[in-house]
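The residues making up each chain are set out below.
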Amino acid sequence: MSNYQIEFRHVQKSYGDNLVLENINCQVKKGEFITMVGTSGCGKSTFLKMLLGTEQHSKGQILLDNQPISAEPCDERGIVFQKYSVFPHLSVRENVAIAKEFESSFIGRLFGKRRQQALDEADKWLDAVGLLNAKHKYPHELSGGMQQRLAIAQALIKHPKVLLLDEPFGALDPGIRKDMHKLVLDLWQKYELTIFMVTHDLEEGFYLGTRLWVFDKTRHDPHAPHRFGSTITFDLPVGKTDQASYQEIEDSLSLHALSA
Amino acid sequence: MKRWINRTPNQSLAITLGIIPFLLIMALYQWGSEVRKAENPNDKLLPSVSEFQTAIDRLAFTPSKRTGEYLFWQDTKSSLQRLLIGVACAAFIGLMLGLITGAIPLIGANLNPIITAISLIPPMAVLPLLFIVFGLGELSKVMLIIVGITPFLIRDLYQRTKDIPSEQLVKAQTLGANSFQIIIRVLLPQILPRLLDALRLSLGTAWLFLIAAEAIAATDGLGYRIFLVRRYLSMDVILPYVVWITFLAFLLDWLLVKTSKAIFPWYHAAK
Ligand SMILES: Nc1ncnc2c1ncn2[C@@H]1O[C@H](COP(=O)(O)OP(=O)(O)OP(=O)(O)O)[C@@H](O)[C@H]1O
Ligand SMILES: [Mg+2]
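Keep in mind it's a predicted model, so treat the numbers as computed, not measured.

Q: I'd like a description of the site of ligand 1, backed by residues and values.
A: Residues and elements named next belong to chain A. Close to ligand 1 lie 13 residues; Ser40, Gly41, Lys44, Ser45 and Thr46 are nearest. Here an oxygen atom of ligand 1 sits 3.3 Å away from a polar atom, N or O, in the main chain of Cys42. Thr46 places a polar side-chain atom, nitrogen or oxygen, 2.5 Å from an oxygen atom of ligand 1. Its free accessible area being 630 Å², ligand 1 has 63% of it covered by the protein chains. Elements with a contribution of two residues or more to the shell around ligand 1: strand S2 (18-28) and helix H1 (44-52). When residues of the shell around ligand 1 are assigned to their parent elements, the largest contribution, three residues, is made by H1. A breakdown of the residues in the shell around ligand 1 according to their chemical character gives three nonpolar, eight polar and two charged.

Q: Tell me what's going on with the pattern of salt bridges, and back it up with residues and numbers.
A: Taken as a whole and assessed by the stated rule, the structure comprises 26 salt bridges over all chains. In this structure, A:Glu103 and A:Lys158 form a salt bridge, with 2.7 Å as the shortest nitrogen-oxygen distance. Separated by 55 residues along the polypeptide, A:Glu103 in helix H2 (residues 92-104) and A:Lys158 in the loop between helix H4 (144-156) and strand S7 (162-166) bring together distant segments of the chain. With a relative accessible area of 11%, A:Lys158 lands in the buried category. The closest approach of N and O atoms between B:Arg82 and B:Asp220, which form a salt bridge, is 2.8 Å. In this pair, B:Arg82 sits in helix H3 (residues 71-103) while B:Asp220 sits in the loop between helix H8 (179-216) and helix H9 (222-229), placing the two residues 138 residues apart along the sequence. Across the pair, B:Asp220 and B:Arg82 agree in class, each one buried. Several salt bridges share partner residues, and in doing so they unite A:Asp75, A:Lys100, A:Glu103, A:Glu121 and A:Lys158 into one network.

Q: Pulling in residues and values, what's your account of the pairing of strand S8 (residues 194-198) of chain A?
A: Every regular strand shows the same layout, with side chains that alternate between the two sheet faces. Residues and elements named next belong to chain A. Within S8, five of the five residues are buried, leaving the element largely enclosed by the surrounding structure. When strand S3 (residues 33-38) meets S8, the two strands line up parallel, connected through four bridges. Residue Met36 lies in a different strand from S8, and its bridge partner there is Val198. With five bridges connecting them, S7 and S8 associate as parallel partners. Paired with Asp166 across the strands is Val198, a residue of S8. Assessed by its sense of winding, the connection that carries the chain from S7 through helix H5 (residues 174-191) to S8 is right-handed.

Q: Please give an account of the packing of aromatic side chains that cites residues and values.
A: According to the stated counting rule, one finds 16 aromatic pairs over all chains in the structure shown. With centroids separated by 5.5 Å and ring planes inclined at 70°, the aromatic side chains of A:Phe33 and A:Trp188 adopt a geometry described as edge-to-face. Placement of the pair is A:Phe33 in strand S3 and A:Trp188 in helix H5, with a sequence separation of 155 residues. Exposure remark for A:Phe33: the relative accessible area of 0% places this residue in the buried category. When the ring of A:Phe47 is compared with that of A:Trp213, the centres are 5.6 Å apart and the planes differ by 85°; the resulting orientation is edge-to-face. In this pair, A:Phe47 is assigned in helix H1 and A:Trp213 in strand S9 (residues 211-217), connecting sequence segments 166 residues apart. For the pair formed by A:Phe47 and A:Trp213, the shared burial category is buried. Among the aromatic side chains, those forming a connected cluster through ring pairs are A:Phe8, A:Phe47, A:Phe196, A:Trp213 and A:Phe215. For A:Lys13, the ring lying beneath its charged end belongs to A:Tyr15, and the centroid distance is 4.8 Å. Taking NZ or CZ as reference, B:Arg7 lies 4.4 Å from the ring centre of B:Trp4, over its face.

Q: Tell me about H2(A), residues and numbers included.
A: At A:Ile98, H2(A) shows its largest bend, some 35°. The element H2(A) is extensively covered by neighbouring structure, given that 10 of its 13 residues are classed as buried. Restricting attention to buried positions, one finds in H2(A) the residues A:Val92, A:Arg93, A:Asn95, A:Val96, A:Ala97, A:Ile98, A:Ala99, A:Lys100, A:Glu101 and A:Phe102. If you follow the buried residues of H2(A), they end up packed against helix H3 (112-128) and H4 of chain A together with helix H7 (166-174) and H8 of chain B.

Q: If you had to explain the domain arrangement of chain A to someone new, which residues and values would you point to?
A: For an interface, size is often stated in terms of accessible area lost upon the parts coming together. All names here are of chain A. Here the domain parsing of chain A yields domain 1 (1-76 + 162-260) and domain 2 (88-159). If you average the C-alpha positions of domain 1 and of domain 2, the two centres end up 28 Å apart. Taken residue by residue, the interface counts 12 residues in domain 1 and 11 residues in domain 2. For the domain 1 and domain 2 pair, buried surface summed over both sides reaches about 1000 Å², with 77% attributable to carbon and sulfur atoms.

Q: With reference to specific residues and values, describe the domain arrangement of chain B.
A: Residues and elements named next belong to chain B. You can read the domains of chain B as domain 1 (10-58) and domain 2 (69-270). The C-alpha-based centres of domain 1 and domain 2 are spaced at 34 Å. Facing the nine residues of domain 1 at the interface are seven residues of domain 2. Together domain 1 and domain 2 conceal approximately 620 Å² of surface at their shared face, both sides included; 71% is due to carbon and sulfur atoms. Considering only the surface of domain 1 that becomes buried against domain 2, Lys44, Leu45 and Phe52 emerge as the three largest contributors, covering 55% of it. Summed over the shared surface of domain 1 and domain 2, the result is one residue pair in polar contact (both at pLDDT 80 or more). Grouping the amino acids of the side of domain 1 that touches domain 2 by side-chain chemistry returns six nonpolar, no polar and three charged.

Q: Give a detailed account of the interface of chain A and chain B, specifying residues and quantitative values.
A: Taken together, the 33 residues of chain A in the interface contact 22 residues of chain B. Taken together, both faces of the contact between chain A and chain B bury some 2400 Å²; the carbon and sulfur share is 67%. Run the count over chain A and chain B and you get one salt bridge. The partner of B:Arg185 in a salt bridge is A:Glu101, with the nearest N and O atoms 2.8 Å apart.

Criteria and cut-off values
- Residues numbered from 1 in each chain as written.
- Chains lettered and ligands numbered in written order.
- Predicted model: local features only at pLDDT ≥ 70, side-chain atom pairs only at ≥ 80, totals over all residues.
- Heavy atoms only, no water.
- Near = heavy atom within 4 Å.
- Polar contact = N/O pair within 3.5 Å; in protein donor to acceptor, adjacent residues only side chain to side chain.
- Areas by Shrake-Rupley, 256 points an atom, 1.4 Å probe, with all protein chains shown as cover.
- Helix = DSSP H or I, 4+ residues; strand = E, 2+ residues; numbered from the N terminus.
- Nonpolar A, V, L, I, M, F, W, Y, C, P; charged D, E, K, R; others polar.
- Salt bridge = Lys/Arg side-chain N within 4 Å of Asp/Glu carboxyl O.
- Buried < 20%, exposed > 50% of the residue type's maximum accessible area, 1.4 Å probe, protein only.
- Pairing = 2+ DSSP bridges.
- Right-handed = clockwise from strand over helix to strand, strands pointing away.
- Phe/Tyr/Trp six-rings, centres within 6.5 Å; stacked < 30°, edge-to-face > 60°.
- Lys NZ or Arg CZ within 6 Å of the ring centre and 35° of its normal.
- Bend = angle between axes of the 7 residues up to and from the residue.
- Contact = heavy atoms within 4.5 Å.
- Domains from an automatic or database assignment.
- Buried area = accessible area lost by both parts, 1.4 Å probe.

The structure is reproduced here in structure tokens:
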């Protein structure tokens with residue numbers, strides 16, 4: 001028994017001949033906030049999907065609380081995608097309350113007093129993400145940032161062990177992104193979440209997390225680019241990072257961007 | 001001067017431009033009718049306006065001597081009833097099968113090949129079979145409409161179900177939903193407006209099969225009347241019936257759009 005919440009042991013993932021990730025070994029404790037960066041196509045989303053359960057690893061072991069992770073998504077792991085992750089046919093508070101309805105009704109629909117209770121709890125979480133004023137609106141009436149707040153509220157109402165974020169703010173304006181950073185940091189501290197977040201923005205990675213991972217290939221075969229997969233090449237506690245290592249990572253990322 | 005692709009009409013000009021072809025056709029008809037009547041006052045091919053009035057008055061506002069019914073309204077009622085029952089049944093089957101095959105891959109793998117095969121059968125080719133199995137009554141006409149449009153509806157709704165972003169399905173699972181709850185609460189409500197879209201597309205086909213069935217075996221109905229009076233070259237009846245059918249088709253389409261916008265505003269706003 002280890003006291004790690006999540007453990008990857010020699011995990012490898014390939015799609016047919018395309019080896020995407022190899023030799024992934026890592027341990028994560030409860031309450032860590034991990035940000036992940038890497039060049040486009042290096043397998044960050046694939047890593048997150050394996051944690052989520054929508055993709056299965058090809059080799060190795062993934063443990064959540066010392067148990068092999070379940071092979072399909074479930075309410076232990078919350079997710080916020082870049083888009084499309086709220087329900088367009090439900091109002092803002094119904095979008096959040098539906099989690100309660102799934103929980104306590106076979107047909108996934110509550111009525112009367114129990115529905116009211118679910119809506120009240122939804123309001124609590126909408127308040128936590130700053131969306132209470134918009135609770136009667138529909139997703140199409142919300143800005144991109146507000147939709148992401150809604151997606152976060154949806155994920156939180158189930159108290160997931162792990163919260164997975166795949167470039168959640170990639171489509172937002174820089175100003176709004178700052179607000180969202182503050183929100184995520186607040187929620188992370190307040191609810192003692194374990195967060196994995198993929199980002200394209202290295203600065204975001206440094207500013208937000210407690211730990212930064214860089215995904216990259218350590219070996220290249222110029223004749224068969226799919227022969228080797230990416231692995232975690234940097235694993236840094238972010239608090240202690242200095243300018244030199246920031247520069248080093250940025251150089252390695254932009255190098256790939258040029259050659260890609 | 002602006003390029004032609006950038007010159008857009010304002011509302012009144014758009015209406016005027018849209019009406020012109022209708023007026024042109026009416027004027028052309030009037031002219032043709034007068035020319036032919038001048039040559040032969042008994043000409044039947046292009047009846048005059050007063051002949052139309054007489055025919056409409058006889059069928060719609062005078063009780064039939066034989067049965068005491070107002071034939072025009074009786075025909076309309078019978079046809080609409082067949083059409084609506086057929087379309088409603090097809091919509092129900094299409095929704096159920098499209099949704100379930102789209103949502104559950106195992107059922108999709110099981111049913112999609114047979115649905116595709118059935119959809120390739122020309123419905124008119126099985127009409128005799130329908131008459132044999134269901135008799136010459138109402139049922140076989142309704143069945144022809146069902147056979148005619150259900151495969152399209154199933155396949156369209158299957159695709160619409162598949163098109164719902166997988167992110168939403170994953171999200172629902174992370175909120176603890178089981179398959180049944182996902183179908184009922186996530187997929188079904190989003191498929192309903194798409195069902196109305198699909199119905200609009202299939203209404204034209206439904207009319208086609210209705211009129212075909214009525215032409216072959218019926219004792220009333222809009223299609224029946226047209227094919228009955230064809231023997232007497234009664235253009236004064238056929239043309240008003242055609243216009244009326246066109247109007248009914250337009251009305252149903254309009255009702256579907258209005259209904260959809262009223263019940264599913266989120267669907268139309270997001271498009
Ligand atoms: N379903 C799939 N089938 C086959 N190959 C896939 C599949 N999903 C991803 N891949 C491949 O896996 C590799 C990694 O993809 P992934 O989406 O994880 O990259 P990423 O790091 O998230 O990139 P980005 O920063 O652009 O989002 C890519 O080469 C991609 O082509
Ligand atoms: Mg990605």
